[in-house]
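Breakdown of the fold
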Amino acid sequence: MSEPLSAARFLAALKAEDLKVVEIDGWQTHNRNSKGPWGPVHGVMVHHTGTSGSKDTVKVCHDGRPDLPGPLCHGVITKDGTVHLVGYGRANHAGLGDGDVLRAVIAEKRLPPDNEADTDGNRAFYGFECENLGDGHDPWPEAQMTALEKAAAAVCRAHHWTERSVIGHLEWQPGKIDPRGFTMHSLRNRIAARLK
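Presented here is a report on the structure given in the accompanying data block. (Residues numbered from 1 in each chain as written. Predicted model: local features only at pLDDT ≥ 70, side-chain atom pairs only at ≥ 80, totals over all residues. Heavy atoms only, no water.)

So, on to unusual backbone geometry. Look at the link from G70 to P71: it is a cis peptide, with omega at 0 degrees. As for its position among the elements, P71 is in the loop between β4 (68–69) and β5 (75–77). Cis peptide bonds are those with omega within 30 degrees of zero, and the linkage from D178 to P179 qualifies with 0 degrees. When you line up the elements, P179 lands in the loop between β10 (166–168) and α5 (184–195). Positive phi, close to 55 degrees, is recorded for E108, a residue that is not glycine. Among the secondary structure elements, E108 is positioned in the loop between α3 (99–107) and β8 (119–120). Phi at H160 is positive, roughly 65 degrees, even though this residue is not glycine. Locating H160 in the fold gives a position in the loop between α4 (142–159) and β10. (Helix = DSSP H or I, 4+ residues; strand = E, 2+ residues; numbered from the N terminus.)

What follows is the structure, encoded as C-alpha cells:
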C-alpha cells in the first residue's frame, strides 16, 4: 500500500529518469478528487489515446470529452517522447476494472484474466496516455516507447515497485484494447531492465 507521491516528487522522479517534461498550467491541482479518493496507489496504467496530433491530444487529455471530464490521465506521452503533465490526483483514466487484477498487481504476481468490472481503478493507478490512433497501424516511435518506459520506471522506482506494477488498460477492464501496437510483456521487460 502506497500513498501517492506529492506532485513535486512525481515531477522530480520523471526528471531523474532524464525525461523531457512539459508542465501544463495548473496540472498539480487539476483532478477529480471531488468524486472520490485518490490512493492508496498500487501501480501504473498505460493507455493509447485514439487521437493524433500532439496539441489536440494534450488538450483532450487535460479538458476531457463531453461524456468524461478531464483530466483523463496524469501524463500524456506524445510521439516525440515528451511527457505533458495535465493533472494530478484522481483522474478519469482507469474506470471500473477487475479486483482480482488489482490484487495481483499489489502482490506483483502474474495477472489473471480481466473478467469483471467491480473495482475503482481511478483511485489506485497513475495513468499515462500515449498519443496513438490505436488501430494497430499507427507507429510507436522509439522516442515515445523509451519515454513510456522511463516514465513508468520512474514511478515504480519512487514507490519501490517492480515492473509487475505496470499494466495496460486492456489487462484491467474487460473489452478495452489499449495500448494497441505493442505487448505489455515487452514493455514490462524494458522497465525491468531499466530498474536493474
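Bringing the state of the cysteines into the picture now. Going through the model one piece at a time under the given rule, you end up with zero disulfides. With no disulfide partner, C61 has as its closest neighbouring cysteine sulfur the one in C73, 4.3 Å distant. Take C73: its relative accessible area is 0%, and that puts it in the buried class. (Disulfide = S-S within 2.5 Å. Buried < 20%, exposed > 50% of the residue type's maximum accessible area, 1.4 Å probe, protein only.)

As a further point, take the nonpolar core. By size, the foremost hydrophobic cluster in this structure holds 36 residues, and its most contacted members are F10, L14, Y126 and F128. Elements with a contribution of two residues or more to this core: α1 (7–16), β2 (43–48), β6 (82–85), β9 (125–130), α4 and α5. The element that contributes the greatest number of residues to this core is α4, accounting for nine residues. Here L14 is in contact with L19, V21, V83, L85, F128, A151 and A154, once residues within four sequence places are set aside. (Core = buried A, V, L, I, M, F, W, Y, C linked by side-chain atoms within 4.5 Å. Contact = heavy atoms within 4.5 Å.)

Attention now moves to the packing of aromatic side chains. In the structure shown here, the tally under the stated rule is 10 aromatic pairs. On the numbers, 6.4 Å between centres and 50 degrees between planes, the contact of F10 with W27 is tilted. A residue pair is termed long-range when its members are at least 10 positions apart, and F10 in helix α1 and W27 in the loop between β1 (20–23) and β2 qualify at 17 residues. Relative accessible area serves as the criterion here: at 1%, W27 is assigned to the buried category. (Phe/Tyr/Trp six-rings, centres within 6.5 Å; stacked < 30°, edge-to-face > 60°.)

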